[in-house]
Amino acid sequence: MEAVCAQIIPEDQDAGAVRAGVVHFMDTQLTRFYKPLQKTYRRGIAQIDQASLEVAGKPFAELPAAQQLAVLHHIESNPELKPFFDLLVAHTMQGFYGDPRHGGNRDRVSWKMVGLPYPPLRGRLRYDLTDPAKGERPWR
Amino acid sequence: MALKRVNAVIVGAGAGGGIVAKELAEAGLSVVLLERGKWYSPFDCRKDDLRNQRTSPLGQAFGPDDERNPRVLVEGAGHERMVRASGSGYHNNAACVGGGTFSYGAMAWRYLEKDFRMRSTYGRLPGSTLEDWPVSYQDLEPYYEKAEWEIGVSGDVSGDPFHAPRRRPLPMPPLPPNREQELLYPAAKRLGLHPFDIPMLRNSVPYNGRPACMRCRWCVGFACEVDAKCGTHNTVIPKALATKNCELRTECVVKEILTNEHGRVTGIAYFDAHDQLQQQDADIVVVSCGAIESARLLLNSKSRFFPDGLGNRHDWVGRNLQGHTYSGAFGLMPMDIYDDLGPGAGIAISDYNHGNPGLIGGAMLANEFIRLPYQFVSMIPPGLPRWGKAHKDFMRSAYRRAIAVQGPTQEMPVFDSRVQVDPVVKDHWGIPVARLSGDKHPHTIEISTVMAGKAEAWIKEAGAVQTWKKLPGPGLSAGQHQAGTCRMGDDPNTSVVNRYCQVHDVDNLFVIDASVHVTNGGFNPVLTIMAMAYRASDHLVKQWKGTRFA
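Residues numbered from 1 in each chain as written. Chains lettered and ligands numbered in written order. Predicted model: local features only at pLDDT ≥ 70, side-chain atom pairs only at ≥ 80, totals over all residues.

From N to C terminus, chain B includes ten helices and 20 strands. For chain B, whose C-alpha radius of gyration is 22 Å, the value lies close to the compact-globule estimate of 24 Å for 550 residues. Relative to its 550 residues, chain B shows a buried fraction of 60%. Partitioning the intrachain contacts of chain B with sequence separation of at least 6 by distance along the chain shows that 73% fall at a separation of at least 24. (Helix = DSSP H or I, 4+ residues; strand = E, 2+ residues; numbered from the N terminus. Rg over C-alpha atoms; globule rule 2.2 N^0.38 Å. Buried ≥ 20, exposed ≤ 12 C-beta atoms within 10 Å, placed from the backbone. Contact = placed C-beta atoms within 7 Å.)

Now the structure itself:
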């Protein structure tokens, strides 16, 4: 699981899916809102390993990164395996870019990465909202 | 067991129902207002980007819940599937006190004069039930004004030469612009367009005893943390309750409307919060559940007199389901422009609502609400991978440079886009669920595609170095802007309600929500729903004779 997530959002100068706790997000949600998807996950992970064995001769996690990518592209182009892979992409994005309260996005790494200030810088730092007529309107 | 009889029972405490409750209660009628959802407060703003009314991978924040409220969606080629409330294809609108107005983006548009006369302006369109409204803009104008002042609207439409005549300005000035608006305003001017400040049901100054917007990034889809958004939940519904003539009952799911042997409505049967079946007798029943659920309730109310459901003698209930086809464009500026000033949307043009060569109607175009990182994940240029290193690089470099403009294309109503009740699937209470089917009219797609081009030209002029379009896709359209299913008209053979929202063949039954919209304008519909609710209530109160309705 970690290996797949690490390819969907890889590590670089900023944390990737693994360091951001995406797998923790998935584990958490699979006991909550995504509980009905437990079976889908079990079957899907087995299918990914199966596809990996067929294409590259080894279980997915044991492959070098370049070969993992090739296997994922193979899976993405297989109409039978694509739905589960799409689900994984969606859940990885949720775990990485979503709110940390759900178990992912550890230390708000993705928000820091995209440059989203947290806690928010309120607009009132820039404008006097008590009197909008005085608000800055440089183009008027 | 029947509960104490009242003058009026209103089903649904949203944009329409909330207003009707207040108007009737203030006129002295005894009112019961039923709502299937809960009454949330500003403290329920959880700022949860994965669980809200706009983005719901982990569920809807303000209902309905997934477990008890399925629907059936029939897609192209007759393939049908059950859909959950938070899933795609459900066409949800919130289920709570205030309805959609509790968590909406709050744009407060008046439709234009031509929006009420689409058929006489543009003629017949094959494959569409495009028609004129039986009421005109002038009929609604005083009620638009009432909605703007009672519920509270900020903005400034004086820069818009296309707006319809109005007697009073808006009660509140607009919020100061964010960076995106500062770029888009002069760009529109250079293109010869007419930009102006979007009217919004949001306090820009303290109003109605509530504070001004604090400009956070969690707006559309969320409860307002400081209660600066104006919905029916914090304006007219509290006023209705203050009259002591109105009782609000939450978590009540209406099963059917009851009729007697004279073909008149006598009340409703509903399941209360403990799933107990109750009967509420009333002189008048007002249905305000939103276009999908209102049609479902009428269709589920079958009797000897009305074997196909109430108001459905000519098979028009549930027909012409429509929403808005959103299209637009995204772009990347050469520099960071993200300034974290909510709500984000603030500037619009109405230049393309009408008068587009070869097209029927058009759309208002506006800059988009603040895009939270998870929402931005799918706003990628065509050709960019959905995952992997390239996607991450894009997110990192593009998020603060993004600019977006989009608009709601006025849809061409289609007779076969419709709500039915499913013959098999039932909800938690054993009530047959809504079954949605149909598609957009090809011309809707055509108009919407042109609008995307207009939006792209605007952001290019604003200085975007890379732009791409958000194009309309096929499939049924309804969603939060759902409308059209109980069409208003003068001819009982081709409509469901008359010009006062009264069902043609049942004089004490009313449908007061977007269901009655003949067409849905190229604008967000809520202010029109509110104005129509004021107008219908006004008429209803004038016709009210003591203890009965005549």
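Our next topic: the sheet that holds strand β4 (residues 80–83) of chain B. Residues and elements named next belong to chain B. One open sheet holds the four strands; their spatial order is β4-β3-β16-β15, and the pairing between them is mixed. The sheet terminates laterally at β4 and β15 (418–426), the two strands that pair on one side only. Strand-to-strand, the axes of this sheet are offset by a mean angle of 35 degrees, without reference to chain direction. With four bridges connecting them, strand β3 (residues 71–74) and β4 associate as antiparallel partners. Of the residues in β4, the one forming a bridge with valine 74 is glutamate 80. Along the sheet face, helix α6 (residues 291–300) touches β15 and β16 (432–437) and points at about 60 degrees away from the line of β15. (Pairing = 2+ DSSP bridges. Axes fitted to C-alpha atoms, helices over the stretch in contact; angles between N-to-C directions.)

The next subject is the pairing of strand β1 (residues 2–11) of chain B. All names here are of chain B. Looking at chain direction, β1 and strand β10 (residues 277–287) are connected through seven bridges and run parallel. Within β10, the position partnered with leucine 3 by the bridge is glutamine 280. Across four bridges, the pairing between β1 and strand β2 (residues 31–34) is parallel. Residue pairing for β2: valine 11 is matched across the bridge by leucine 34. In the classification by handedness, the crossover that spans β1, the intervening helix α1 (residues 15–26) and the parallel β2 is right-handed. (Right-handed = clockwise from strand over helix to strand, strands pointing away.)

Let's shift gears to helix α4 (residues 179–190) of chain B. All names here are of chain B. Helix length check: α4 (twelve residues) gives 17 Å between terminal C-alpha atoms against 16 Å at 1.5 Å per residue, within 8%. The complete set of buried residues in α4 reads Glu180, Gln181, Glu182, Leu183, Leu184, Tyr185, Ala187 and Ala188. Summarising the contacts, the buried residues of α4 are in contact with β12 (347–349), β13 (365–367), β14 (402–409) and α9 (442–461). Glycine 192 sits one or two positions beyond α4 and adopts a positive phi of about 80 degrees. (Expected span 1.5 Å × (residues − 1).)

Residues and elements named next belong to chain B. One open sheet accounts for seven strands, arranged β5-β6-β12-β13-β14-β11-β17; its pairing is antiparallel. Looking at strand neighbours, the two that pair on one side only are β5 (154–156) and β17 (466–470), the edges of this open sheet. Neighbour-to-neighbour, the strand axes of this sheet turn through a mean angle of 30 degrees, independent of strand direction. Along the sheet, α4 makes contact with β12, β13 and β14, crossing β12 at roughly 25 degrees.

The interface of chain B with chain A comprises 35 residues on the first partner and 35 residues on the second. Of all elements in the fold, only α4, α7 (373–376) and α8 (389–398) of chain B reach the threshold of two or more residues within the side of chain B that touches chain A. Broken down by element, the side of chain B that touches chain A gets its largest block of residues, four residues, from α8(B). Looking at the side of chain B that touches chain A, its residues break down into 21 nonpolar, three polar and eleven charged. (Nonpolar A, V, L, I, M, F, W, Y, C, P; charged D, E, K, R; others polar.)

Let's shift gears to the pairing of β10(B). Residue and element names in this part refer to chain B. Both strand β9 (residues 265–271) and β10 contribute to a ladder of five bridges, which runs antiparallel. Along β10, the bridge assignment pairs alanine 269 with glutamine 279. Joining the antiparallel neighbours β9 and β10 is a turn of five residues, in which aspartate 275 adopts a positive phi near 65 degrees. Across three bridges, β10 lies against strand β18 (residues 509–511) in parallel orientation. Bridging across to β18, valine 285 finds its partner in leucine 509.

Residues and elements named next belong to chain A. Across the interface, helix α3 (residues 38–56) lies against helix α4 (residues 65–76) with an axial gap of 10 Å and an inter-helix angle of 115 degrees. Viewed along their axes, α3 and α4 adopt a mutual orientation that is roughly perpendicular. Judged by the twist between their axes, the crossing of α3 over α4 is right-handed. Across the interface between the two elements, Ile48, Ala51, Ser52, Val55 and Ala56 of α3 pack against Gln67, Val71, His74 and Ile75 of α4. Here the residues of the contact of α3 with α4 sort into six nonpolar, three polar and no charged. (Parallel < 35°, antiparallel > 145°, perpendicular 65-115°, else oblique. Left-handed = near helix turned anticlockwise from the far one by under 90°.)

This brings us to the confidence of the model for chain A. Per-residue confidence for chain A gives a mean pLDDT of 88, with 86% of residues at or over 70. Note on residues 134–140 of chain A: pLDDT is under 50 here. Beyond four places in sequence and across chains, it has twelve contacts. (pLDDT = per-residue confidence, 0-100.)

All names here are of chain B. Contact geometry of helix α3 (residues 137–152) with helix α10 (residues 526–543) gives a least axis separation of 8 Å together with a crossing angle of 110 degrees. When the axes of α3 and α10 are compared, the pair comes out roughly perpendicular. Side by side, α3 and α10 meet where Leu140, Tyr143, Tyr144, Lys146, Ala147 and Ile151 of the first sit next to Leu527, Met530, Ala531, Met532, Tyr534 and Arg535 of the second. Class assignment for the residues of the contact of α3 with α10 results in ten nonpolar, no polar and two charged.

What follows concerns unusual backbone geometry. All names here are of chain B. A cis amide bond links glycine 63 to the next residue, proline 64, at an omega of -5 degrees. Looking along the chain, the bond that leaves glycine 342 and enters proline 343 is cis, with omega of -5 degrees. Following the sequence through the fold, proline 343 ends up in the loop between β11 (325–332) and β12. Phi is positive for lysine 47, close to 50 degrees, though the residue is something other than glycine. Assignment of secondary structure puts lysine 47 in the loop between β2 and β3.

Confidence in the prediction for chain B averages 96 pLDDT; 99% of positions are at 70 or higher. Here the complex is predicted with pTM 0.96, and the ipTM for its interfaces comes to 0.94.

With that out of the way, let us pick up α8(B). All names here are of chain B. Listed in full, the buried residues belonging to α8 are Lys392, Met395 and Ala398. Projected down its long axis, α8 shows its buried positions confined to an angular sector of 155 degrees, all on one face. Across α8 from its buried face, at more than 90 degrees, point the exposed residues Asp393 and Ser397. (Arc of directions from axis to C-beta.)

Here we come to the nonpolar core. All names here are of chain B. Grouped together as the largest cluster of nonpolar side chains are 198 residues, with contacts concentrated most on Val31, Leu365, Phe510 and Met530. For this core, the element with the most residues is α10, which contributes ten residues. With sequence-adjacent residues up to four places away left out, leucine 365 is seen in contact with Gly328, Ala348, Ile349, Tyr352, Val405, Gln406, Gly407, Met451, Lys454, Ala455 and Trp458. (Core = buried A, V, L, I, M, F, W, Y, C linked by C-beta atoms within 7 Å.)

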